[in-house]
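# Tertiary structure, described
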Amino acid sequence: MNPRELILLSPYRLPTQNALYLGDDDIAAFLNGYSALWHPAAANGATSPPRVASPYDYENPTAGHLYAVPDTPTPMLPDDWTKRVADAGAAFFYATPDRTATLENLRESLRKAASGEPSIDLDSARAAPFFGIGYGYGQVEALFEAMAHENLLNAAELWQEVQQAIAALHGPDADAPRRSLQAAAERLLAAREVLYPVTIHLLDFLLLDDKNLATWPASFEKGLALNVIGCAAVLEHLAKEQPERLAALRERLAGGLAEIIGGSYVEREDAILPVESQLWNLLKGQAVTQALLGQEVKIFGRKRFGIHPQLPLFLNACGMNRALLVAFDDSVLPTHRTTIVNWPSADGKQVEAFARTPHPADTPQTFFHLAHHLNRSIMQDQAATLALLHRGKQASPWYDDLLELSRLAPVFGKWNTLSNYFNEVLAGDYLSPASADDFHGDYLNERTQADGAPDNPVRKQPISGIAEQARARRRLDTAWTLAAIHRCLADKNLAAEDRQFHADLTAVEDAFECQAVGPFDAVTAAEEKAAATLAGRLLAGAKEATPGYLILNPCSFRRRLALELADIPALLPLNAPLIACQIDGHTARVVVEIPALGFAWIPRRTSGTVAPHSSRLRLADERCVRNDIFEAEIDPATGGLRALRDHRTRTNRLGQQLVFNPGSTTRVRSIKATSTGPALGEIVSEGELLNSQQEVLATFRQRFRAWVGRPVLDLHVEIQPVKPVEGYPWHAYFGARFAWRDERAHLFRGVNGSAQLTTHPRPVTPDFLELRSAGHNTVIFPGGLPFHLRQGTRMLDVLLLSEGEAARRFDLAIGVDREFPMQTALGMISPAPVVATTHGPPHVGASGWLFHLDAPNLMLTNLRPGPDGTDAVTARLLECGGHDGPAELRCVRNPVRASLLDARGNGLVDAYTRDDAVQMEITRNDLVQLRVEFS
């Protein structure tokens, strides 16, 4: 049969200036019907290209015509229309959402129309270029309409070339059909260039994970550029499961036909993890990726949310200055007008970021709206760009059509790697530093879901697991810091032993960072070993055989530590570094002041009798705990904190109580003072949380502790639910609710050390929440618990238990007038190793510093010994106060050389040394890595 016209009967048209909202099946049936009309078996002998027409215009079919009728939505045709088609000598077929079924319907229709002629092979790969030409023809026509331009495409000549290609299919020259189709594609390209005469950029992204290692886009096999988004751990899995695929990827990377976008080793909650964990993830990811693929990662990208304001700083430190600023989950990122933006962090370092969300390649919506998307990009973007995304699902068949068209001619643009795209397209928008509120991801809901596996250990600790990781990371950093100090003090003959410990600690670190939940026994053992080794070195020259305790401080700031020790039978004299001491039964409660990066030693017993220590005030009574800095009043109705007042202004800073959301009341069973001093004031409240029917939801126990000389009120909370919490974790939870009086107070949250103003209803932070009002500040320290929810303008809940949470005990604190809250937050989760000694004090005195940093706005996140036993240390410093200025690091020995490095260890500039000090200039919010060499 030789139909005179090819017609798709539909009331719809391809979208142009505006999107068209139809269901996926409706769109798929439309596109399949149109594509099938371009098949050589259907197009052979037709007088013109297929077109779309209204069903109302063809209620009476015309002889010789071939009609494609989408079966969804239900076609508006007469009930006897199929009979009218047969009577008129025309043909039709139903187009379904499935292309294979549609082509089978076409085959059957042509077979009937040909009166028993042999069936036509519609599955031949030789038909694919015809589908590509057909798809391009329809979209180019739509693009002319979208841009309100006269259609200059010579359809008659193009159709003649298509007919020549059909005629040559069975000829002796196998390449003749493709030459004719290339000529047709070049006509499409010439027509598109009338509208937009410069390059359109096509970007193909594959979101690679462990579940779709075998599902790769067709562009990879057809030699077109592909951008693979994947972390290094997934690439390791690919190397194990499909080494041939990894080899092919490596080959295409070398040829510039593929791009790896990643940089992280594992996908996890980096935005709320400690700085050292974030940097480890970046450095480890780069090293593993380079080892597997032979190339460095040039562009940072993640499948899971992991964006925060300091990320450009961290990426620059790790050698990356380009990023993918796109959300592939339910997270929220700022929207931008241009495809490439210049994204800075607060210190001024910046990265180029691709900020256009790709269109999914597995939905017909993307290819139905192609002309619409191109029109918007042409009109709005500096360089027209179309990005497609593959998530492991099979791509729509029109994706293959687009690839086939691209192989004939770059009608809709050039397929590019993202690196080449950055090289060819300039940033169209220069942003100011982002705030923490600009980025938000729902880690709590993700952890509660945890891949839907009830036995997943993350689901058992969706909240407390983050705090445990932060504390374990600080134990690991403590082990590194103590090992570095020991390296500076130890005999050079111990270098081999130090090298072994360095290798062992590196292995422990790698295993810990890949461990989702505790227990972290290896980390604890490493910390204990490092502490014992350093203590042995410090006490090597001790002249007295007095048993005692050596307490080590891995932090770069002075700390007043509250300790409970079991082997001190009697009061100790209050000699420095001991600030306060009391004996309760077999437990000694002491407050010890330890210099920054130093030590303090206290005896376990004294030779004489010590008179009871006098105290200027009673540290606890029936309803209040207090010390020399603040007073905390306990509410008899809720068992929580009724008021927190400093002694100078007597202003009520904050209140607190335990709650169940969406609603609860409290019944207090008892409130009693359990310690009145002279070192510790403590009140314990016990009670129940009730629902509106007065049913018990949970029992609770809160301990409020005020230690002498410490500017924080410690809150130790225990909750025992009567039945498990169920429901959406942001709506159903037990939490600690804090309330303040002043509606004008500004709330700040800690973000990687810095305080950032927040108005977000869910201000996620594991570090601190700071209230600033009337010249003073009050700080809530959640102790690593990251999830918080605002209730109105004057209340905030720290979430403790949500669905699945197994923890029942939580440690929080409230600080008063903290100039650098991050110091207190870091000190709260940092250990202070206590080593029992048989002799002491050290020969240099009962306390002392080993390294000293004179800038309190600099936070030492890590101090590491030089690799391979070298006589050097490397300090990583983060400026968290927003101040520029000089800083000085004094060392236990005189250094011979110092230099500033990036996070990878590459030298940047030399630092000035004088005697035992290293001097440097620090810019605000900067990350600094300082290497100090001693010999």
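Look up a bit, the structure's there.
Conventions we followed
Residues numbered from 1 in each chain as written. Predicted model: local features only at pLDDT ≥ 70, side-chain atom pairs only at ≥ 80, totals over all residues. Heavy atoms only, no water. Helix = DSSP H or I, 4+ residues; strand = E, 2+ residues; numbered from the N terminus. Buried < 20%, exposed > 50% of the residue type's maximum accessible area, 1.4 Å probe, protein only. Contact = heavy atoms within 4.5 Å. 1 Å grid on protein atoms, 1.4 Å probe; cavity = no way out; pocket = protein on both sides within 12 Å on 5 of 7 lines; lining within 4 Å. Points joined across faces, edges and corners; volume = space filled by probe spheres on them. Nonpolar A, V, L, I, M, F, W, Y, C, P; charged D, E, K, R; others polar. Pairing = 2+ DSSP bridges. Axes fitted to C-alpha atoms, helices over the stretch in contact; angles between N-to-C directions. Expected span 1.5 Å × (residues − 1). Arc of directions from axis to C-beta.

Let us look at the side chain of Asp902. Mapped onto the elements, Asp902 comes out in the loop between β43 (897–901) and β44 (907–914). With relative accessibility at 10%, the residue Asp902 sits in the buried group. If sequence neighbours within four positions are ignored, Asp902 has contacts with Ala317, Leu908 and Gln929.

Our focus in this paragraph is helix α14 (residues 370–380). Of all 11 residues that make up α14, 8 are buried, and the element is covered over most of its length. Along α14, the positions that sit buried rather than exposed are Leu370, Ala371, His372, His373, Leu374, Asn375, Ser377 and Ile378. In this structure, the buried side of α14 is in contact with α5 (128–146), β12 (359–360), α13 (364–368) and β13 (385–390).

This part covers empty space enclosed by the protein. Per the counting criterion, the structure on display carries 6 cavities of 30 Å³ or more. Looking at the largest cavity, its volume works out to about 480 Å³. Of all the secondary-structure elements, those providing two or more residues to the lining of the largest cavity are α11 (275–293), α19 (464–489), β30 (746–751), α22 (821–829) and β40 (858–865). A per-class count over the lining of the largest cavity returns 21 nonpolar, 9 polar and 5 charged. Contributing to the lining of the second largest cavity are 14 residues, with Arg302, Arg304, Phe305, Ile307 and Val326 lying nearest its centre. Of the residues belonging to the lining of the second largest cavity, the class tally is 8 nonpolar, 3 polar and 3 charged.

Strand-to-strand pairing in sheets goes through backbone hydrogen bonds, with the strands running parallel or antiparallel. Reading across the sheet, the 3 strands line up as β17-β19-β18 and stay open at both edges, with antiparallel pairing between neighbours. Both outer strands of the open sheet, β17 (559–565) and β18 (578–584), are each paired with one neighbouring strand and no more. Neighbouring strand axes in the sheet, compared pairwise and without regard to direction, differ in orientation by 15 degrees on average. As paired strands, β17 and strand β19 (residues 587–594) are joined by 7 bridges and run antiparallel to one another. Within the sheet, the bridge partner assigned to Leu563 lies in β19 and is Val590.

Here we take up the sheet that holds strand β4 (residues 91–95). Spatially, β2-β1-β3-β4 is the arrangement adopted by the 4 strands of the open sheet, whose pairing is parallel. The open sheet is flanked by β2 (51–53) and β4, the only strands paired with a single partner. Adjacent strand axes in the sheet meet at a mean angle of 30 degrees, parallel and antiparallel pairs treated alike. For strand β3 (residues 66–70) and β4, the ladder comprises 5 bridges, and the chain directions are parallel. Paired with Ala68 across the strands is Phe93, a residue of β4. Each of β3 and β4 touches helix α4 (residues 99–113); the most contacted strand, β4, lies at about 165 degrees to it.

With that settled, the discussion passes to unusual backbone geometry. Here the bond from Gly518 into Pro519 is cis, since omega is 5 degrees, no more than 30 degrees from zero. The omega torsion of the bond from Ala576 to Pro577 falls at 15 degrees, within 30 degrees of zero and hence cis. Mapped onto the elements of the fold, Pro577 is located in the loop between β17 and β18. Located in the positive-phi region is Ala774, a residue other than glycine, with phi close to 55 degrees. Relative to the helices and strands, Ala774 is located in the loop between β32 (769–773) and β33 (776–781). The exposed category is assigned to Ala774, whose relative accessible area is 74%. Residues other than glycine seldom take positive phi values, yet Asn925 does so here, at roughly 60 degrees. With respect to the element layout, Asn925 can be found in the loop between β45 (917–922) and β46 (927–933).

Compared with an ideal rise of 1.5 Å per residue, which puts 18 residues at 26 Å, helix α21 (residues 521–538) spans 26 Å between its outermost C-alpha atoms and is within 8% of the ideal. Of all the residues in α21, the buried ones are Val523, Ala526, Glu527, Ala530, Ala531, Leu534, Ala535 and Leu538. Down the axis of α21, the sector holding all buried residues measures 160 degrees, keeping them to one side. In this structure, α21 carries Asp521 and Glu528 as exposed residues pointing more than 90 degrees from its buried face.

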